[in-house]
Amino acid sequence: MSRQKNDTAKSSNSLWGGRFEGGTSDIMEKINASIGFDKLLYSQDIAGSLAHSEMLEKIGVLSREDAAQIRIGLMQIKQEIEEGDFTYDPKLEDIHMHIESRLTEIIGEAAGRLHTARSRNDQVALDFKLWIREAYDDLDDALKAFQEALVDKAEAHHDVIMPGFTHLQSAQPVTFGHHMLAYFEMFTRDRSRLQDARIRMNESPLGAAALAGTSFPIDRFMTAKALGFDRPTANSLDSVASRDFALEFLSVASICASHVSRLAEEIVIWSSAQFNYIGLSDKFTTGSSIMPQKRNPDAAELCRAKAGRIIGALSSLLIVMKGLPLAYSKDMQEDKEATFDAADSFSLIIAAMTGMIKDMTVHKEEMRASCDAGFITATDLADWLVRVLKMPFRQAHHVTGTLVALAEAQGCDLDGLTLAQMQSAESSITQAVFDVLSPESSVASRISYGGTAPSEVLKQVKSARDRIID
């Protein structure tokens, strides 16, 4: 190693203290550095340092003059970073050492007093928690806008009839508004999980130091309050060893992303020529380089794919954490990059899906026409046999199955059979049965709470609007 390179290596180790004399290898510097991604935490790191310095001044560890210099220096660093005037060096490893090193350049010896009664272990846990808390707030706003888009679409199409599916086979007629509200319920639970997880993680690890706390008479409640936490964490080991707050964030994101993916799949299916239930504009589609007739639902397909990326981040961090002894291990440096990426993907797919829901054109005629195939009112026939003829349901199911087979052989739907043909399967059937065999009558009859009747959907719309909270 050249003299210049060795000096650089020693300089990069200066913040570790006097234990290390030799320089690290290039490979060690590369695998050890996290500045490429944790520089995103600069504002959180500076906020934590400001709160910490104010507390140290209060307990007499920092003089008023040193505390003032530290505050001025930290705000200068923040400005430099935000204006693009800050220089990053992989040899300084992470954002914490970058800020401390630059603060030393600006104010000198006083910068070294800032790290009293804390460690990079509690510092990084604090920064990461602050970042995730902000991500929760941003995503909560995005999910609220998505809820509103779903409810608006449901209200506008509360009486549009379409097939409801099981196994992707026509099952019973429903309304498109009812279908939209099903997703509203999913994303309402997602938003509830997000808000609940935010409450649970809102404890400050600052002051836990490396793992055992500190002998200095710090006021952890003061710093927790200054940073908007409900309280400090109760155990110093747990404070630096745990990343369940990140795991829960990724879990919430993964569940929500799976719901986005299901809706994206339906948009892909519905917009195909074979279904033609909806249309998407140029805003959320692309063309083909060779087939001029194509309009591809790429935004929906990418939402579907990015769900896997988010779920992968959860799996990755679970695997990192599953075998670590207490307290901190450098493995935990792998917590942030995947989480940052997942949060970006999460935010993007919610925005894209909100845009697609607002943008889509609903093809009412095509939806209604597809209800004329697949014997979609067979359950209504069975229910009529039970309700009017007092037939046990299992017997009604058998009679209905016989009539479905007869209609299939005749090449018609159930309402295309004659009364005589109906009576060939059950002699007591009357002309009144035809009143329940249209998709319109089927949908209108589903008036149970949470059912698909248009009147019920409008009630659900009103309830949904009341449940969208700020």
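Residues numbered from 1 in each chain as written. Predicted model: local features only at pLDDT ≥ 70, side-chain atom pairs only at ≥ 80, totals over all residues. Heavy atoms only, no water.

(A) Broad picture of the overall build of the protein chain. If you tally the helices and strands in the protein chain, you get 19 helices and six strands. Against the compact-globule benchmark of 23 Å for 470 residues, the protein chain has a radius of gyration of 31 Å, which places it well outside the compact range. When burial is assessed residue by residue, the protein chain has 48% of its 470 residues classed as buried. Partitioning the intrachain contacts of the protein chain with sequence separation of at least 6 by distance along the chain shows that 73% fall at a separation of at least 24. Taken together, the 49 basic and 66 acidic charged side chains of the protein chain have centroids lying 2 Å from each other. (Helix = DSSP H or I, 4+ residues; strand = E, 2+ residues; numbered from the N terminus. Rg over C-alpha atoms; globule rule 2.2 N^0.38 Å. Buried < 20%, exposed > 50% of the residue type's maximum accessible area, 1.4 Å probe, protein only. Contact = heavy atoms within 4.5 Å. Lys, Arg positive; Asp, Glu negative; His and termini not counted. Charge placed at Lys NZ, Arg CZ, Asp CG, Glu CD.)

(B) Here's a closer look at the pattern of salt bridges. Tallied over the entire structure, the rule returns 27 salt bridges. Notably, a salt bridge pairs Glu109 with Arg113, separated by 3.3 Å at the nearest N-O pair. Since its relative accessible area comes to 66%, Glu109 is described here as exposed. With a relative accessible area of 33%, Arg113 lands in the partly exposed category. Between Asp190 and Arg193 there is a salt bridge; the shortest N-O distance is 2.8 Å. Separated by three residues within a single helix, Asp190 and Arg193 lie in helix H8 (residues 176–201), roughly one turn from each other. Asp190 gets classed as buried once you look at its relative accessible area, which sits at 0%. Taking relative accessible area as the criterion, Arg193 reaches 29% and is therefore assigned partly exposed. (Salt bridge = Lys/Arg side-chain N within 4 Å of Asp/Glu carboxyl O.)

(C) Seen up close, unusual backbone geometry. Of note, the bond from Leu326 into Ala327 is cis; its omega dihedral lies within 30 degrees of zero at 10 degrees. Locating Ala327 in the fold gives a position in the loop between helix H12 (298–321) and helix H13 (335–359). Notably, Phe375 is not glycine yet its phi reads approximately 55 degrees, a positive angle. By the secondary structure assignment, Phe375 is in the loop between helix H14 (364–369) and helix H15 (378–389). Overall, Phe375 belongs to the buried group, its relative accessible area being 18%.

(D) Representation of the layout of surface pockets within the structure. Volume-wise, the largest pocket comes out at about 390 Å³. If you go around the largest pocket, you meet 16 residues; those closest to its centre are Phe165, His179, Tyr183, Arg262 and Glu266. The set of elements that each furnish at least two residues to the lining of the largest pocket consists of strand S1 (161–166), strand S2 (169–175), H8 and helix H11 (244–270). Broken down by element, the residue count for the lining of the largest pocket peaks at five residues, all from H8. (1 Å grid on protein atoms, 1.4 Å probe; cavity = no way out; pocket = protein on both sides within 12 Å on 5 of 7 lines; lining within 4 Å. Points joined across faces, edges and corners; volume = space filled by probe spheres on them.)

(E) Summary view of a nonpolar patch on the surface. Judged by side-chain polarity, Leu211, Leu237 and Leu326 come together as a nonpolar surface patch covering roughly 270 Å² of accessible area. Relative to the helices and strands, Leu211 is located in the loop between strand S3 (203–204) and helix H9 (220–226). Judged by its relative accessible area of 39%, Leu211 is partly exposed. (Patch = residues over 30% accessible without salt bridge, like charges linked within 9 Å, V, L, I, M, F, W, Y side chains within 5 Å. Areas by Shrake-Rupley, 256 points an atom, 1.4 Å probe, with all protein chains shown as cover.)

(F) Main features of the packing of aromatic side chains. Within this structure, the stated rule accounts for nine aromatic pairs. Ring geometry for Tyr136 versus Phe249: centroids 5.2 Å apart, planes at 75 degrees, classification edge-to-face. Placement of Tyr136 in helix H7 (residues 120–156) and of Phe249 in helix H11 is noted, with a sequence separation of 113 residues between them. Across the pair, exposure class does not vary: Tyr136 and Phe249 are buried alike. Through a chain of ring-to-ring contacts, the aromatic side chains of Phe128, Trp131, Phe245 and Phe340 assemble into a single cluster. In this arrangement the basic side chain of Arg133 is found over the ring face of Phe229, its NZ or CZ atom lying 4.7 Å from the centre. (Phe/Tyr/Trp six-rings, centres within 6.5 Å; stacked < 30°, edge-to-face > 60°. Lys NZ or Arg CZ within 6 Å of the ring centre and 35° of its normal.)

(G) Region of the structure containing the state of the cysteines. Per the stated rule, a full pass over the model turns up zero disulfides. Lacking any disulfide linkage, Cys256 is separated from the closest cysteine sulfur, that of Cys303, by 11 Å. Cys371 takes part in no disulfide bond, and the closest cysteine sulfur to it belongs to Cys412, at a distance of 17 Å. What makes Cys371 buried here is its relative accessible area of 1%. (Disulfide = S-S within 2.5 Å.)

(H) Geometry of the pairing of S1. Here six bridges tie S1 to S2, and the two strands are oriented antiparallel to one another. Residue Ile161 lies in a different strand from S2, and its bridge partner there is Thr175. Where S1 folds back onto S2 in an antiparallel hairpin, the turn is made up of two residues, including His167, whose phi is positive at roughly 55 degrees. (Pairing = 2+ DSSP bridges.)

(I) Fine view of the packing of H11 against H13. Between H11 and H13, the least distance of the axes is 10 Å, while the angle of their chain directions is 35 degrees. Note that H11 runs across H13; the crossing there is left-handed. Between H11 and H13, the contacting residues are Phe249, Leu250, Ala253, Cys256, Ala257, Val260, Leu263, Ala264 and Ile267 on the first element and Thr339, Ala342, Ala343, Phe346, Ile349, Ile350, Met353, Met356 and Ile357 on the second. Residues that form the contact of H11 with H13 fall into these classes: 17 nonpolar, one polar and no charged. (Axes fitted to C-alpha atoms, helices over the stretch in contact; angles between N-to-C directions. Left-handed = near helix turned anticlockwise from the far one by under 90°. Nonpolar A, V, L, I, M, F, W, Y, C, P; charged D, E, K, R; others polar.)

(J) Representation of the confidence of the model for the protein chain within the structure. When the pLDDT values of the protein chain are averaged, the result is 92; 93% of them are 70 or greater. A low-confidence stretch, residues 1–12 stays under pLDDT 50, and its non-local contacts, those more than four residues away or across chains, total 12 contacts. (pLDDT = per-residue confidence, 0-100.)

(K) How the structure looks around the packing of H7 against H8. Where H7 meets H8, the closest approach of the two axes is 9 Å, and the angle between their N-to-C directions is 165 degrees. Here H8 runs roughly antiparallel to H7, going by the angle between their axes. Of the two elements, H7 crosses H8, and the hand of that crossing is left-handed. Residue composition of the contact of H7 with H8, grouped by class: 17 nonpolar, four polar and eight charged. (Parallel < 35°, antiparallel > 145°, perpendicular 65-115°, else oblique.)

(L) Local environment of helix H5 (residues 64–82). Across its 19 residues, H5 extends 27 Å between first and last C-alpha, which sits within 8% of the 27 Å expected from 1.5 Å per residue. Regarding H5, the residues found buried are Asp66, Ala67, Ile70, Gly73, Leu74, Ile77, Glu80 and Ile81. Projection of H5 onto a plane perpendicular to its axis shows the buried side chains occupying an angular sector of 150 degrees, all on one side. For H5, the exposed residues set more than 90 degrees away from the buried face come down to Arg64, Glu65 and Ile72. In this fold, the buried residues of H5 make contact with helix H4 (42–58) and helix H6 (95–107). Gly84 sits one or two residues past H5 and shows a positive phi near 80 degrees. (Expected span 1.5 Å × (residues − 1). Arc of directions from axis to C-beta.)

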